[in-house]
Amino acid sequence: MPRLIATPTVVPAAGRPPKVIEEFFGRLNSQTAVVSIAKMTSPPGWREAGQTPEFDEYTIVLKGELQVETRDSVLKVGIGQAIVVNAGEWVRYATPAAEGAECIAVCLPAFSPSTVHGDE
């Protein structure tokens, strides 16, 4: 049976300056462990610590530009582009550009603080 998700849950976010994570599907908002889907709004200059998550993360950039740093490269993901970072791969996300970024992130399995494995 279809289930309406009327509002997201705002999830505390890592990094500075603070970004906003609005979880529509996931462990908190829909009690879903298999997938999480969230809208992320990151201000200009936002950056988080590196991490080696236990989930695959698929991200689509809706506005601005997302910088994705891996051990081998730094990629800039622009409006209408997408990126996937596989589980077990070290990654650091940032929005250094003046417009920040707005993205949709999908994590399989669902995001959990205990499976991020942040550097700091």
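Further up the page is the structure itself.
All of the points below concern the structure found in this document. This is a predicted model, so every value here is computed, not measured.

Details of the nonpolar core
- Counting eleven residues, the largest nonpolar core is built from W46, V61, L66, V68, V77, I83, V85, V91, Y93, A101 and C103.
- Elements supplying a minimum of two residues to this core: β6 (66-70), β8 (82-85), β9 (91-95) and β10 (101-108).
- The contacts of V68, once residues within four sequence positions are left out, are S73, V74, L75, V77, I83, V85, V91, R92 and Y93.
- I21, A38, M40 and A105 belong to the second largest nonpolar core, which has five residues in total.

What to know about the side chain of T115
- Within the secondary structure, T115 is located in the segment after β10.
- Residue class for T115 comes out buried when judged on its relative accessible area of 16%.
- When sequence neighbours within four positions are dropped, the list of residues in contact with T115 reads T52, P53, E54 and F55.

A closer look at unusual backbone geometry
- In this structure, the amide linkage connecting R16 to the following residue, P17, adopts the cis form with an omega of -15°.
- Across the junction of L108 and P109, the peptide omega takes the value -10°, indicating a cis bond.
- Its place among the elements puts P109 in the segment after β10.
- The backbone of Q31 shows a phi angle near 55°, a positive value even though the residue is not glycine.
- Tracing the backbone through its elements, the reader meets Q31 in the loop between β2 (20-25) and β3 (36-42).
- In this model, H117 sits at a positive phi of 55°, which is unusual for a non-glycine residue.
- Residue position: H117 is located in the segment after β10.

Section: the sheet that holds strand β1 (residues 9-11)
- Taken together, six strands build an open sheet; the order of strands is β1-β2-β3-β10-β5-β8 and the sheet is antiparallel. Only two strands of the sheet have a single partner each, and these edge strands are β1 and β8. On average, each strand axis in the sheet is tilted by 25° relative to the strand beside it, whichever way the strands run.
- Inspection of the sheet shows strand β5 (residues 56-64) paired to β10 by eight bridges, in the antiparallel sense. Considered in β10, the bridge of T59 is made with A105.

Describing the state of the cysteines
- Applying the stated rule across the entire model yields zero disulfides.
- In this structure C103 is not part of a disulfide, and its nearest cysteine sulfur, from C107, lies 12 Å away.
- Overall, C107 belongs to the buried group, its relative accessible area being 4%.

Conventions adopted
- Residues numbered from 1 in each chain as written.
- Predicted model: local features only at pLDDT ≥ 70, side-chain atom pairs only at ≥ 80, totals over all residues.
- Heavy atoms only, no water.
- Core = buried A, V, L, I, M, F, W, Y, C linked by side-chain atoms within 4.5 Å.
- Buried < 20%, exposed > 50% of the residue type's maximum accessible area, 1.4 Å probe, protein only.
- Helix = DSSP H or I, 4+ residues; strand = E, 2+ residues; numbered from the N terminus.
- Contact = heavy atoms within 4.5 Å.
- Pairing = 2+ DSSP bridges.
- Axes fitted to C-alpha atoms, helices over the stretch in contact; angles between N-to-C directions.
- Disulfide = S-S within 2.5 Å.

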